[in-house]
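# Notes for the structure review
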Amino acid sequence: MKTGERRYIRSQSSPGAAFALLVLILNFFLLTSFDAYAEQDVRGKAESLLKDATALFEEGSTDKAIGLAGEAVKADPGYSESYDRLGYMLLKAGKNDEAINAFEAALKINPQHRTSKTGKGLALLQKGDATGAEVVLKDALLLNPYPSMTHYALGLVYEKMNNYEQAVLQFKEGIRTFKSGKR
């Protein structure tokens, strides 16, 4: 190694370069920690809004509840639970197309969101699409370890299709699973 090469190597490992590298590493860790904290804060705000929306909904203030659930969706657009609860509120309000959109948004975030599949099936049934509802609800049953509500919804589908034998079977299965604790 020549003398000139040694100077180059020494100049590259100066205290200033080490300090700059240290600052970069610290910034990375601080920003990563800040992002995680910000994510928790956003999720917490969405959860708080959903809690308030649910209380309003249970009191019968459906429109106010829908508004707050919509704010929860805006607060954390990546939280499937916000879309799911909004969907059920819209379903109760008879806004089936909007409910379907909310359930589909939840399913886009989490394709395994079983309550959103059940909700979508109920909304399709309320729109008069019993065949579409049947497909979605059967799919929900495959995912659902607590299927009593889904069996009930499927019973409603078969009742609408005048298939009373299947309707009764689904209602009975819903009751059986409910009694066994799989609500």
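Residues numbered from 1 in each chain as written. Predicted model: local features only at pLDDT ≥ 70, side-chain atom pairs only at ≥ 80, totals over all residues. Heavy atoms only, no water.

Looking only at helices and strands, the chain has nine helices and zero strands in total. Secondary structure elements of the chain, listed N to C terminal, follow the sequence α-α-α-α-α-α-α-α-α. A burial count over the chain gives 34% of its 183 residues as buried. Considering only contacts within the chain whose residues lie at least 6 apart along the sequence, 51% involve residues at least 24 apart. Accessible surface for the chain amounts to roughly 11600 Å². Of this, 57% is attributable to carbon and sulfur atoms. (Helix = DSSP H or I, 4+ residues; strand = E, 2+ residues; numbered from the N terminus. Buried < 20%, exposed > 50% of the residue type's maximum accessible area, 1.4 Å probe, protein only. Contact = heavy atoms within 4.5 Å. Areas by Shrake-Rupley, 256 points an atom, 1.4 Å probe, with all protein chains shown as cover.)

Mapped onto the secondary structure, L137 falls in helix α7 (residues 130-143). The spacing of L137 and H151 is 14 residues in sequence and 8.1 Å in space, taken between C-alpha atoms.

A word on helix α4 (residues 80-92). In a regular helix each residue adds 1.5 Å, so 13 residues correspond to 18 Å; α4 covers 19 Å between its end C-alpha atoms and thus fits that length. By the burial criterion, the buried members of α4 are S80, S82, Y83, D84, L86, G87, M89, L90 and L91. Following α4 by one or two positions, G94 adopts a phi angle in the positive range, close to 80 degrees. (Expected span 1.5 Å × (residues − 1).)

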